[in-house]
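Inside the fold
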Amino acid sequence: MAFKKEKKKSTPWGGHYHGGNLFLDRPFPVRLTGTKYACGRGGCGACTVMVSKHDPVSRKIRHFSVTACLVPICSLYGAAVTTVEGVGSIKTRLHPVQERIAKSHGTQCRFCTPGMVMSMYTLLRNLPQPSEEQLMGALGGTSDMGKTLHPPEARWEVCLRLPQPTSSQPSSGPPSVVSELHHKTVTLIIWPSLLPEGDRWSLHPESGGSVIGQATPEIKGSQGISRLPLQSVDSHQALQDPVGRPIMHLSGLKHATGEAIFCDDIPTVDKELFMALVTSTRAHAKIISVDLSKALELPGVVVDVITAEDIPGTNGAEDDRLLAVDKVLCVGQIVCAVVAETEAQAKRAVEETKIAYEDLEPVIFTIEDAIKHSSFLCPEKKLEQGNVEKAFEEEVDQIVEGEVHVGGQEHFYMETQRVLVIPKTEDKELDIYVSTQDPAHVQKTVSSTLDIPINRITCHVKRVGGGFGGKVGRPAVLGAIAAVGTGYPIRLVLDREDDMLITGGRHPLFGKYKVGFMNSGRIRALDIECFINGGCTLDDSELVTEFLILKMENAYKIHNLRFRGRACMTNLPSNTAFRGFGFPQGTLVTESCITAVAAKCGPSVREKNMYKTVDKTIYKQAFNPEPLIRCWNECLDKSSFHSRRMQVAEFNKKNYWRKRGLAVVPMKFSVGFAATSFHQAAALVHIYTDGSVLVTHGGNELGQGIHTKMLQVASRELKVPTSHMHICETSTATVPNTIATAASIGSDVNGRAVMLARSLLKRTWEDWIEAAFEQRISLSATGYFRGYEAFMDWEKREGDPFPYYVYGAASSEVEVDCLTGAHKKIRTDIVMDACCSLNPAIDIGQIEGSFTQGMGLYTTEELKYSPEGVLYSRGPDDYKIPTITDIPEEFNVSLLPSSQTPLTGLGESGMFLGSSVFFAIADAVATARRERDIAEDFTVRSPATPERVRTACADRFTEMVRDSCLFS
């Protein structure tokens with residue numbers, strides 16, 4: 001193990017010493033890598049370990065799950081510390097907890113999975129048969145010492161009741177399905193040996209006890225027979241064909257044991273140096289001087305501090321510098337970097353680097369101020385159809401106007417930005433091991449920055465601990481500059497605070513709408529104008545604006561329609577791509593408008609205005625809304641929406657201080673990029689003489705299971721078991737010129753590339769491999785998918801920008817405490833059109849995860865800045881991501897059966913469905929305001945934090961304090 005004191009400090013063997021606190025990160029020469037350092041504040045649970053002490057009173061050993069980054073060393077006298085490596089290993093044997101998390105598809109990026117293992121393992125050591133409440137407490141963070149709050153990647157599928165383990169050996173046999181836990185209904189795919197005995201749950205005999213060939217297996221419990229939603233597998237499909245089956249994540253077992261290697265787990269390289277970044281403390285200022293004298297006098301600082309003058313090639317773009325030149329545009333902008341022998345020395349040198357500034361005007365932080373100063377990053381984007389002005393004047397009975405405010409969102413990937421750059425001894429070659437979604441972009445940027453040919457630079461991505469659009473790779477470029485300058489390997493790992501300070505996130509939005517409608521609820525005209533906060537540089541803000549406008553109509557057909565959007569320039573870190581890419585913000589404006597009309601005309605407004613038949617969007621792309629209508633109707637049916645609406649009304653009549661709300665939202669999400677070149681993909685397949693297969697493709701494993709899916713596709717195409725196949729990593733040396741793993745398109749396009757590679761090998765595979773080799777037939781092939789046709793002409797305001805759409809619907813019910821503003825999520829039902837899902841278990845996890853992340857955007861995650869533009873919320877104690885305790889008590893996800901839609905991507909689409917929780921809260925608050933005879937007209941403000949909800953539930957107490965609220 002290793003120890004930590006205050007900030008990270010490195011020992012010669014590459015471990016970290018934090019003398020005040022226990023932490024196990026990059027430890028002594030045994031290199032235990034399972035326990036992760038992710039936040040340093042005890043809020044994420046990635047560093048959870050078990051501490052065992054002898055209780056002198058009971059004379060028994062007591063076990064505690066603790067977050068190692070907060071536990072004082074002095075409290076561990078006479079204690080034993082167990083890490084995830086002490087629980088089980090794929091090299092020896094697994095503990096049932098580890099096995100069940102993996103086989104129940106309870107991991108995604110996995111960075112925090114060992115923490116969940118340790119929480120449950122500790123509970124079972126103390127209580128071999130825990131109650132549901134105790135299990136929930138352990139997973140939710142209520143332990144005796146320390147606090148374990150588990151983040152989005154690992155919070156939805158692992159919550160199964162654990163019977164007394166009978167074996168620590170892996171189970172075998174076909175997967176089955178069960179979905180019950182402590183009054184929370186979650187679709188879980190587990191193995192038959194893991195089903196609890198007795199009448200709690202048992203597979204209904206008619207279901208066949210297997211997913212194979214079954215569209216909706218049934219289970220039987222105390223409430224009768226339930227049908228579980230799974231995709232059907234063609235009855236003619238071979239049992240050996242894994243496509244469409246809930247195969248366990250390729251690295252699932254390694255996730256649960258902590259043996260999955262991430263970027264910073266790579267062992268220390270000889271003569272390795274550490275880098276730390278010097279960032280601006282001013283929002284808009286001229287750099288007068290940079291005083292490096294004290295920093296250079298410190299021991300271990302081996303080279304001059306790296307500034308823009310040390311860059312041999314291009315220093316980023318003219319309006320987006322890699323390192324600041326002459327002036328800074330936001331707090332957190334990188335000015336220079338320090339390289340030293342240890343991380344502690346580098347961070348100490350950062351503290352001693354003194355920068356003198358001269359403040360500049362104006363300083364702009366909000367969208368409203370940007371509008372006032374006409375501070376914009378790009379021209380206005382606009383789409384229009386029909387005659388909006390004429391419709392408002394002649395065709396409507398009523399007109400409603402309103403505003404919508406949507407806050408920003410931090411990516412909060414569990415693994416922060418990090419890179420290891422290793423220079424070769426000849427030809428200026430570089431090996432870059434980086435946590436990124438786009439290694440080809442890193443390769444190109446390093447090339448232009450260092451003025452080195454691209455063919456000398458190789459980027460390696462084994463796996464990434466979450467990305468969500470935020471990991472493009474700027475830290476890798478800085479590391480490469482230092483590696484070339486010093487000739488030594490460079491490691492850069494951002495702390496959570498620095499990561500959140502330096503990087504931008506989701507664009508905040510301010511929207512204004514004007515809607516004209518008939519008394520029947522039919523909308524005749526809609527005009528929406530949106531502004532997003534792009535931060536200090538353009539980055540992806542123009543593209544986000546375009547996508548926001550393209551996607552804003554969502555599921556509704558409105559003949560007279562106008563959308564306008566603009567990106568504002570402010571003195572905040574540049575906001576960038578984020579899961580959904582403008583859709584979650586823009587569509588909240590549309591749905592808020594629809595909700596306002598429904599308040600006047602009744603709840604059927606959504607159905608009246610939805611697309612019904614084959615039609616064209618506002619940008620003239622044809623599509624068939626049939627799957628959308630099916631998702632909507634199935635969601636209403638499965639959630640018993642109409643009958644529960646009456647139950648909610650009855651509850652609200654009987655309760656003054658508690659109100660329930662119920663909402664349902666439809667979704668039409670466009671998949672992919674609006675350009676053909678961004679849909680291309682390649683794959684390389686090698687067949688070796690022993691019959692084993694190596695598959696390489698251009699997608700990056702972010703936790704979404706893309707490697708698992710690619711092996712499923714390759715197994716089908718080559719008719720070889722997945723056990724004979726392997727994916728090593730994503731590398732620019734094997735598959736060049738790749739596209740970022742983003743826009744929900746990665747599995748689709750790379751899967752098609754794998755299929756095309758197979759077509760070149762098919763003629764040889766049926767023969768003996770050795771015979772093919774002897775006959776000099778190539779056993780290696782490259783598959784290249786040229787991509788879907790996609791284009792958008794903004795001058796004509798029309799095009800076919802997206803390959804296809806994903807459809808869905810979600811219904812949520814909440815209960816709001818009007819005295820505190822807190823809410824609990826009673827139930828959520830989601831129906832998604834997943835087409836022929838490559839892996840329904842992984843895809844359901846993606847839907848649940850994106851829904852929960854969206855729920856965080858709309859209800860809990862709030863970025864707070866000082867008047868000087870300094871981000872206050874730089875960790876999980878200030879910035880509240882959803883945890884396992886925020887999951888709806890009943891959570892049902894269904895995949896639309898028998899869909900004929902082409903292969904679709906689900907990674908981003910579920911984000912917006914989290915707004916069903918937001919609108920359910922709004923419904924509850926509207927009921928409270930109605931009961932108090934307060935106007936229901938409102939300005940929507942997201943997130944709906946307890947403070948805003950409490951103020952919105954106006955009463956004699958809130959009259960004493962007037963503040964910004966959800967409704968105004």
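Per chain, residues are indexed from 1 in the order of the written sequence. Totals for whole chains, interfaces and linings use all residues, but because this is a predicted model, local features are given only for residues with pLDDT of at least 70 and pairs of side-chain atoms are given and counted only at 80 or more. Note that the side-chain values use all heavy atoms of the structure and ignore hydrogens as well as water.

In the nomenclature of an unreviewed UniProt entry, the protein chain is known as Aldehyde oxidase/xanthine dehydrogenase a/b hammerhead domain-containing protein of Equus asinus. In UniProt, the protein chain has this text filed under Sequence similarities (unreviewed entry): "Belongs to the xanthine dehydrogenase family." UniProt positions are given in the numbering used here, feature names are shortened, and annotations may be inferred rather than shown by experiment.

Turning our attention to the packing of aromatic side chains. Each aromatic ring pair is described using two quantities: the centre-to-centre distance and the angle formed by the ring planes. Classification of ring pairs uses Phe, Tyr and Trp, with its six-membered ring standing for Trp, and accepts pairs whose centres are within 6.5 Å; under 30 degrees between planes counts as stacked, over 60 as edge-to-face, and the remaining range as tilted. Per the stated rule, a full pass over the model turns up 19 aromatic pairs. Between F583 and F912 the ring centres are 5.5 Å apart and the planes differ by 70 degrees, which places this aromatic pair in the edge-to-face class. With a gap of 329 residues between them, F583 in helix 13 (residues 583-601) and F912 in helix 21 (residues 910-913) connect regions that are remote in the sequence. Measuring from centroid to centroid gives 5.4 Å for F785 and Y788, while their planes differ by 80 degrees, and the two rings are edge-to-face. As far as burial versus exposure is concerned, F785 and Y788 are alike and both buried. An aromatic cluster of at least three residues, connected via ring pairs, comprises F547, F581, Y619 and F802. Between K381 and the ring centre of W794, over which it is positioned, the NZ or CZ distance is 5.8 Å. Criterion for a charge above a ring: Lys NZ or Arg CZ within 6 Å of the ring centre, and within 35 degrees of the ring normal. Sitting over the ring of Y413, K471 keeps its end group 4.7 Å from the ring centre. A run of H or I in DSSP becomes a helix once it reaches four residues, and a run of E becomes a strand once it reaches two; helices and strands are each numbered from the N terminus. For the exposure calls, accessible area comes from a 1.4 Å probe over protein chains only, and a residue counts as buried if that area is under 20% of its type's maximum, exposed if over 50%, partly exposed in between.

In this description, a nonpolar core means a group of buried Ala, Val, Leu, Ile, Met, Phe, Trp, Tyr and Cys residues linked to one another through side-chain atoms lying within 4.5 Å. By size, the foremost hydrophobic cluster in this structure holds 131 residues, and its most contacted members are Y513, V515 and I830. When residues of this core are assigned to their parent elements, the largest contribution, nine residues, is made by helix 13. Contacts are assigned to residue pairs with any non-hydrogen atoms lying within 4.5 Å of each other. Non-local contacts of I830, meaning those with residues more than four positions away in its chain, are made with A809, A810, I847, F851, F891, N892, V893, S894 and L913. Counting residues in hydrophobic clusters, the runner-up holds 36 residues, among them I334, L430, V446 and I457.

Feature annotation in UniProt assigns "active site" (unreviewed entry) to the following positions: E908. Summarising the element assignment, E908 is placed in the loop between strand 39 (890-895) and helix 21. Classification of E908 by relative accessible area gives buried; the value is 12%. With residues near it in sequence (within four places) discarded, E908 still touches F578, R579, G580, F581, F669, A743, S744 and S850. Residues adjacent in sequence count toward polar contacts only when both atoms are side-chain atoms; beyond that, a polar contact is any pair of N or O atoms within 3.5 Å, and within protein one must be able to donate a hydrogen and the other to accept it. A polar atom in the side chain of E908 sits 2.9 Å from the backbone nitrogen of G580.

Bringing the confidence of the model for the protein chain into the picture now. The pLDDT value expresses, per residue, how confident the predictor is, ranging between 0 and 100. Put simply, the protein chain has an average pLDDT of 85, and 85% of its residues get 70 or more. Under a pLDDT of 50 for its full length, residues 1-19 has, in the predicted model, 71 contacts with residues more than four places off or in other chains. This model gives residues 24-28 a pLDDT under 50, and the stretch forms 32 contacts once residues within four places in sequence are excluded.

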